[in-house]
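Notes for the structure review
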Amino acid sequence: MNTTAILLGIEARRAASWLLFLAAIGGVSVVCSGRVVGVPPAAVGFLLGGILTVAALGAHVPAPAGHLGGTAATMAALVARLTWPLIGGFVGALASPGGPSGAALAGFFTGIGFNAAICVGLARTLSNRADVASTALMITAGVGLAGAAGWSRFPESLAARGGATVIAVAAAIGAAAIVAHIPVAPRKPRGTGRLIASGEPARGRLDLVGMAAALTGMVICLFLAPESAAANRILAVACFVALAVPEATISPVSLGRGWGRLMGAVPLRPAYGGERLGMTDLATDSVGFHALLLGWPSLVALALLAGERERSAGAVSTVAALAVTAAVTWGVASLVRRRADGGTTLAAVTAALIVVWMAVVSYRAA
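Basis of the calculations
Position labels on residues start from 1 in each chain and follow its written sequence. For this predicted model, a pLDDT threshold of at least 70 governs which residues receive local features, and a threshold of 80 or more governs which side-chain atom pairs are given and counted, while totals over whole chains, interfaces and linings are taken from all residues. Only heavy atoms go into the side-chain values, all of them from the structure, while hydrogens and water stay out. Helix and strand assignments come from DSSP, with helices taken as H or I runs of at least 4 residues and strands as E runs of at least 2, each series counted from the N terminus. With a 1.4 Å probe rolled over the protein chains alone, any residue whose accessible area is under 20% of its type maximum counts as buried; one over 50% counts as exposed, and the rest are partly exposed. Note on contacts: a residue pair is in contact if any heavy atoms of the two residues lie within 4.5 Å. All accessible-area figures derive from a Shrake-Rupley calculation using a 1.4 Å probe, and residue coverage is judged against the displayed protein chains alone. Salt bridges, as used here, are contacts in which a Lys or Arg side-chain nitrogen is within 4 Å of a carboxyl oxygen on Asp or Glu. To pair, rings of Phe, Tyr and Trp, with the six-membered ring standing in for Trp, must have centres within 6.5 Å; the planes then decide the type, stacked if under 30 degrees apart, edge-to-face if over 60, and tilted in the middle.

This paragraph deals with the overall build of the protein. Scanning the protein from N- to C-terminus turns up 13 helices and 0 strands. Scanning the protein from its N terminus toward the C terminus, one meets helices and strands in the order α-α-α-α-α-α-α-α-α-α-α-α-α. Across the 366 residues in the protein, those meeting the buried criterion constitute 47%. At a minimum sequence separation of 6, the contacts of the protein that also span at least 24 residues come to 75%. As displayed, the protein offers around 17400 Å² of accessible surface, 70% of which is attributable to carbon and sulfur atoms.

Okay, structure coming up:
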């Protein structure tokens, strides 16, 4: 039996594989159904493939024969992890009420390949798996949303659509390359005892990009162009998923499930004295921090537009979408994290968020 077959057998015994398989079926089925409006099917498929890829590669991929596995063994492990969402995507396209959509499937498979390449490249430079996952998701969100904006810019000309899409995607990739070289001092890890963030410059850059995106979305989508308020909601939720979900599910340090339970059970005495307090909860800290980081611009806009019902509706919808996403992330992560490894927790949160998205899309199309 070859290496890939052995690894496929190992993956078949992981709950995360089946969660992602089912999530891919449901997500691709909805994308192919034509119910998603306002965003091209290829862009939605690209984003869906990206988040499923990060969820599949969130945990350490098993390397046969330890360090003697080599490149071939590493590639076999990647293939074994990505086989489940790939097959789920095929099944979802066939099961879709609208039938298979070539554009949606092309975007889905492109998103998987693009994100897998990014994750492999980032893993060589970043030691923190949560930072790798967040960076990959931020780049994928930027490329996917920029491509969608470029495609929708010229609805009458196919050539103009294609050119605008290429330019927008190239600009997003160029912006990511520029941000990667911005000097940022390492931040002190958040939390009062538990390792919440790595403290590496990468996490500081990610948080700054998220805050800049939230402020830009508020100014443009809620004040300058209020007819595009939906874009602010999509941008805020995309940034939250990219920043908070990996950090809330993947420990910055590679700990086994037993060590994770032990760390969670150890109380610490605060540096300033006083009563003993339990360690800061990983999911609560990350979800709360990023919800505030990305939500306060919309809250400010809501306060400024309180007297204008139509214009304030965009801010209300953004705050509500962030609140629901944060609640689902925190609830699922808190429920699963103490009983499973980080990869399974990430897969469970991803699957839950995709189910919520499917329900929202189906409700609007009804």
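We are not done yet, so read on.
Now for the pattern of salt bridges. Under the counting rule described, the total for this entry stands at 5 salt bridges. Between glutamate 247 and arginine 203 there is a salt bridge, with its nearest N and O atoms 3.6 Å apart. Residue glutamate 247 is located in helix H9 (residues 229–249), and its partner arginine 203 is located in helix H8 (residues 201–224); the two are separated by 44 residues in the primary sequence. The network of salt bridges with common partners includes Glu11, Arg14 and Arg81.

Now for the packing of aromatic side chains. In this structure the tally under the stated criterion is 5 aromatic pairs. Taking 5.1 Å as the distance between ring centres and 45° as the angle between the ring planes, the aromatic pair formed by phenylalanine 90 and phenylalanine 109 counts as tilted. A residue pair is termed long-range when its members are at least 10 positions apart, and phenylalanine 90 in helix H4 (residues 70–95) and phenylalanine 109 in helix H5 (residues 102–123) qualify at 19 residues.

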